[in-house]
Amino acid sequence: MPESAPGFDEMPLYDMPAAPAPDRGPGQASFRQAASHRRLRTRFLRAGREAVDDRDLLELLLSGSPSVDDGGALAASLLDTFGTAPRALAARPDRLRTVPGLPEDAIAVLKAAEALGIRMARAYVPHTVRPSFGSYDKVIEYCRTLAGHREVEEFRILYLNRKNRLIADECLQKGSVCHAPVYPREVCIRCLELQASAIVALHPHPAGDPEPSRADIDMTNRIRDALKTIEVTLLDHVIVTPTASFPVRGLL
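These numbers were taken from a predicted model, which means no experiment stands behind them. (Residues numbered from 1 in each chain as written. Predicted model: local features only at pLDDT ≥ 70, side-chain atom pairs only at ≥ 80, totals over all residues. Heavy atoms only, no water.)

Topic: the pairing of strand 4 (residues 233–240)
Thinking step 1. Burial analysis of strand 4 places seven of its eight residues in the buried class, the great majority of the element.
Thinking step 2. Of the strand pairs in this sheet, strand 3 (residues 198–204) and strand 4 are connected by seven bridges, and their pairing is parallel. Of the residues in strand 4, the one forming a bridge with Ala201 is His237. (Buried < 20%, exposed > 50% of the residue type's maximum accessible area, 1.4 Å probe, protein only. Helix = DSSP H or I, 4+ residues; strand = E, 2+ residues; numbered from the N terminus. Pairing = 2+ DSSP bridges.)

Topic: unusual backbone geometry
Thinking step 1. Even without glycine at this site, Asn164 takes up a positive phi of about 60°.
Thinking step 2. On the basis of relative accessibility, which here comes to 9%, the residue Asn164 falls in the buried class.

Describing the packing of helix 8 (residues 184–194) against helix 9 (residues 214–228)
Thinking step 1. The N-to-C vectors of helix 8 and helix 9 enclose an angle of 40°; their axes lie 9 Å apart at closest approach. Here helix 9 runs oblique to helix 8, going by the angle between their axes. Here helix 8 and helix 9 pass one another in a crossing that is right-handed. Together, Pro184, Val187, Cys188 and Cys191 of helix 8 and Arg222, Ile223, Ala226 and Leu227 of helix 9 make up the contact between the two elements. (Axes fitted to C-alpha atoms, helices over the stretch in contact; angles between N-to-C directions. Parallel < 35°, antiparallel > 145°, perpendicular 65-115°, else oblique. Left-handed = near helix turned anticlockwise from the far one by under 90°. Contact = heavy atoms within 4.5 Å.)

Examining the environment of Ser65
Thinking step 1. Relative to the helices and strands, Ser65 is located in the loop between helix 2 (54–62) and helix 3 (71–82).
Thinking step 2. Looking at Ser65, the relative accessible area reads 3%, which means it is buried.
Thinking step 3. With 44 residues separating them along the chain, Ser65 and Val109 place their C-alpha atoms 7.6 Å apart.
Thinking step 4. Every residue in contact with Ser65, bar those within four places of it in the chain, is listed here: Asp105, Ala106 and Val109.

Things to note about the confidence of the model for the protein
Fine structural detail should not be taken from predicted coordinates in areas where pLDDT scores are low.
Thinking step 1. In the predicted model, the protein carries a mean pLDDT of 78, and the fraction of residues at 70 or more is 72%.
Thinking step 2. The least confident element of the protein, judged by mean pLDDT, is strand 5 (residues 244–245) at 56; the most confident is helix 8 at 93.
Thinking step 3. Here residues 8–26 scores under 50 on pLDDT; set against residues more than four positions off or in separate chains, the count is two contacts. (pLDDT = per-residue confidence, 0-100.)

So, the side chain of Glu59
Thinking step 1. With respect to the secondary-structure elements, Glu59 resides in helix 2.
Thinking step 2. Take Glu59: its relative accessible area is 9%, and that puts it in the buried class.
Thinking step 3. When residues no more than four places from it in sequence are discounted, the contact partners of Glu59 are His37, Leu40, Gly71, Gly72 and Ala75.

Quick word on the packing of helix 2 against helix 6 (residues 104–123)
Thinking step 1. At a minimum axis separation of 9 Å, helix 2 and helix 6 run at an interaxial angle of 120°. Taken together, helix 2 and helix 6 sit at an angle that is classed as oblique. For the element pair helix 2 and helix 6, the recorded crossing hand is right-handed. Seen from helix 2, the contacting residues are Leu58, Leu61 and Leu62; seen from helix 6, they are Ala106, Val109, Leu110 and Ala113.
Thinking step 2. Tallied by class, the residues present in the contact of helix 2 with helix 6 amount to seven nonpolar, no polar and no charged. (Nonpolar A, V, L, I, M, F, W, Y, C, P; charged D, E, K, R; others polar.)

Shown next, in the form of structure tokens:
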């Protein structure tokens, strides 16, 4: 007679079908995060930007990235690292990559938000940048948007045509926390290339001191004198964070 087949209890363990793991769905933490984000989104859309702070805005941005699980925690990390939301947006991609858990698509979202902010500021730049009926405040605000939250000094130029309308804004030099070397010859060459008739120079003081240094004043005078040889006017040299204007201080 053939041998009887082994009973169920005698079957090798590896031959037994594994029971499927129960589908528990998202954890309680995920549910709480999702509910919190929905409440934040609703509050923002109903009450506007005045109803949210820097952390809330960063969370709203980051939570839209598919690879971000906890936008609130990442927003807090960004503020711990950079201090403010504008500084986080202005940070270079390589600096943003040092924030633990911040994925590439979230970095792209942050840099896109910065680019949109600059474009909005540019749209509000008045046609005339000479001080007139308070319109110069828009130019100063544009300068602050461009460079007011940088971690290192950079020297930027706003190139203007004969009607004092903006042709281009460009970063001419980047430097350290307290120095950005600038050569008047390069400023003149770029003015000739763009056929600019006037410029506004600007650079940030990352340490927050609004007062121009002796080096700032000397550099401004050298650029002004060099531009005179090609009949281009230096209208202003703006120091941002906070803003200081050379003509207002009688330095230009």
